Amino acid sequence: MGEHGEVQAVLQRANGQVGSIQLEAQDVHLRFGGVVALAGVSLGVHQGEIAAIIGPNGAGKTSLLNAFSGLYPITSGRLLYDGHDVTRLKPHQIARLGVARTFQNIELFKGMSVLDNLMLGRHIHLKSGLLSSGLYWGAARREEVANREIIEDVIDFLEIEAIRKRTVGTLAYGLQKRVELGRALAMQPRLLLLDEPMAGMNAEEKEDMARFVLDIHEERNVTIVLIEHDMGVVMDISDHVAVLNFGRRIGYGTPDEVRRDPDVIQAYLGEETEPRKATLEPSAVDHAADPRARARG
Ligand SMILES: Nc1ncnc2c1ncn2[C@@H]1O[C@H](COP(=O)(O)OP(=O)(O)OP(=O)(O)O)[C@@H](O)[C@H]1O
Ligand SMILES: [Mg+2]
């Protein structure tokens with residue numbers, strides 16, 4: 001890159017158009033008593049990308065997501081969002097910044113309907129974010145109407161019209177995962193943290209979920225951080241992949257770079273294979289069927 005190109009790149013970054021760091025962990029340590037979940041992890045997530053976090057079971061992936069979303073106060077280090085220090089913020093404050101998430105073990109109100117779960121996500125967000133987000137709804141009625149429109153849009157987008165009145169606990173696991181994604185989307189996030197959104201799904205459900213993630217990213221301009229064990233999905237849809245092992249970042253790069261990284265291969269293939277342990281082989285899911293996945297690949 002010539003001098004001009006470098007200046008352009010810096011300007012673009014300064015303008016937040018391309019590739020500026022939206023979310024950053026700086027030397028993050030997280031301990032639970034004697035258990036070290038994160039042992040000095042640094043990671044930058046670029047504005048507008050899909051970033052994957054992979055690693056064997058117990059590597060610290062969920063812990064890092066929990067640190068980002070304010071759920072686990074970190075032991076040391078710093079967390080930044082749009083360059084601001086958010087290390088000590090509480091989950092609802094992080095949510096207010098436009099960060100939404102889903103959980104590895106679905107966190108929905110199982111006894112309530114799909115619609116109520118979506119509405120609840122919306123209400124929690126609006127009540128806590130009313131002033132800081134600059135939104136002001138003149139009347140409760142107008143707030144209700146606006147909320148409903150957003151929810152209807154989410155229902156439409158995720159194609160869950162047919163189950164809107166169903167009790168969440170009665171739904172198949174894959175659908176519950178989709179509803180949880182819906183609740184996160186109802187918050188109209190700028191950044192979405194997804195903890196194994198495709199775990200426990202069959203091939204078709206995975207295919208659907210991968211398509212939704214890509215559509216959210218492309219149509220709604222949402223930055224995505226994705227923990228996923230399915231390497232086919234990860235390699236297909238990610239711009240960057242961070243690899244954790246024993247609470248440390250042992251690899252980072254584009255999918256191709258990471259796939260060839262000897263440390264990463266060692267972490268995945270150097271130990272006995274456990275039931276949920278991922279391999280770097282492409283999955284059985286036929287992502288080629290999805291033109292977007294092919295276009296990105
Ligand atoms: N709330 C907690 N209390 C105590 N220890 C915890 C807690 N959460 C995580 N840990 C420990 O921290 C380490 C990292 O766990 P974490 O859940 O972040 O791993 P992970 O990479 O998400 O694994 P998996 O792929 O199985 O979901 C593990 O040793 C785990 O037992
Ligand atoms: Mg986890």
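Residues numbered from 1 in each chain as written. Chains lettered and ligands numbered in written order. Predicted model: local features only at pLDDT ≥ 70, side-chain atom pairs only at ≥ 80, totals over all residues.

K.L.:
How do you make sense of the sheet that holds strand S3 (residues 50–54) when you look at a structure like this?
P.N.:
Note: strands within a sheet are paired through backbone hydrogen bonds, in either parallel or antiparallel orientation. Taken together, the 6 strands give an open sheet; going across it, the order is S6-S7-S8-S3-S9-S10, and neighbouring strands pair in mixed fashion. The outermost strands of the open sheet, each flanked by one partner alone, are strand S6 (99–102) and strand S10 (248–253). Between one strand axis and the next, the sheet turns through 15 degrees on average, direction left out of account. Relative to the sheet, helix H2 (residues 61–68) contacts S3, S6, strand S7 (191–195), strand S8 (223–227) and strand S9 (240–245), its axis offset from that of S7 by approximately 150 degrees. (Pairing = 2+ DSSP bridges. Helix = DSSP H or I, 4+ residues; strand = E, 2+ residues; numbered from the N terminus. Axes fitted to C-alpha atoms, helices over the stretch in contact; angles between N-to-C directions. Contact = placed C-beta atoms within 7 Å.)

K.L.:
Honestly, the environment of Ala 37 in this entry has me stumped. Any pointers?
P.N.:
Summarising the element assignment, Ala 37 is placed in strand S2 (residues 35–46). Along the primary structure Ala 37 and Ser 63 are separated by 26 residues, whereas in three dimensions their C-alpha atoms are 6.5 Å apart. With sequence-adjacent residues up to four places away left out, Ala 37 is seen in contact with Leu 30, Arg 31, Phe 32, Gly 60, Ser 63 and Gly 247.

K.L.:
I would appreciate a short explanation of the pairing of S6 in the present structure.
P.N.:
Two faces belong to every sheet, and in a regular strand the side chains alternate between them. On S6, burial covers both faces: Val 99 and Arg 101 on one face and Ala 100 and Thr 102 on the other are all buried. Bridge analysis of S6 against S7 gives 4 bridges, and the strand direction is parallel. Across the sheet, the residue bridging to Thr 102 is Leu 194, located in S7. (Buried ≥ 20, exposed ≤ 12 C-beta atoms within 10 Å, placed from the backbone.)

K.L.:
Would you explain the site of ligand 1 in this entry?
P.N.:
Within the structure, ligand 1 sits among Phe 32, Val 35, Ala 37, Gly 55, Asn 57, Gly 58, Ala 59, Gly 60, Lys 61, Thr 62, Ser 63 and Gln 104. Contributions of two or more residues to the shell around ligand 1 are made by S2 and H2. When residues of the shell around ligand 1 are assigned to their parent elements, the largest contribution, 3 residues, is made by H2. Looking at the shell around ligand 1, its residues break down into 4 nonpolar, 7 polar and 1 charged. (Near = placed C-beta within 6 Å. Nonpolar A, V, L, I, M, F, W, Y, C, P; charged D, E, K, R; others polar.)

K.L.:
Hey, could you run me through the sheet that holds strand S4 (residues 76–81) in this one?
P.N.:
Within the open sheet, the 4 strands sit side by side as S2-S1-S4-S5. Their pairing is antiparallel. The open sheet has two free edges, formed respectively by S2 and strand S5 (84–85), since each of these has just one partner strand. Bridge analysis of strand S1 (residues 21–32) against S4 gives 5 bridges, and the strand direction is antiparallel. Bridging from a neighbouring strand, Glu 24 pairs with Leu 80 of S4.

K.L.:
Would you explain the pairing of S1 in this entry?
P.N.:
When S1 meets S2, the two strands line up antiparallel, connected through 9 bridges. The residue bridging Ile 21 from the neighbouring strand is His 46, located in S2. The loop that links S1 with its antiparallel partner S2 comprises 2 residues; one of these, Gly 33, has a positive phi angle of about 55 degrees.

K.L.:
What is the right way to look at the confidence of the model for the protein in this model?
P.N.:
If pLDDT is low for a region, its predicted coordinates should not be looked at in detail. Across the protein, the average pLDDT comes to 84, with 78% of residues at or above 70. The model gives residues 127–134 a pLDDT under 50, and that stretch makes 6 contacts with residues more than four places away or in other chains. Segment residues 272–278: pLDDT under 50, and 9 contacts once partners within four positions in sequence are set aside and those in other chains are kept. (pLDDT = per-residue confidence, 0-100.)

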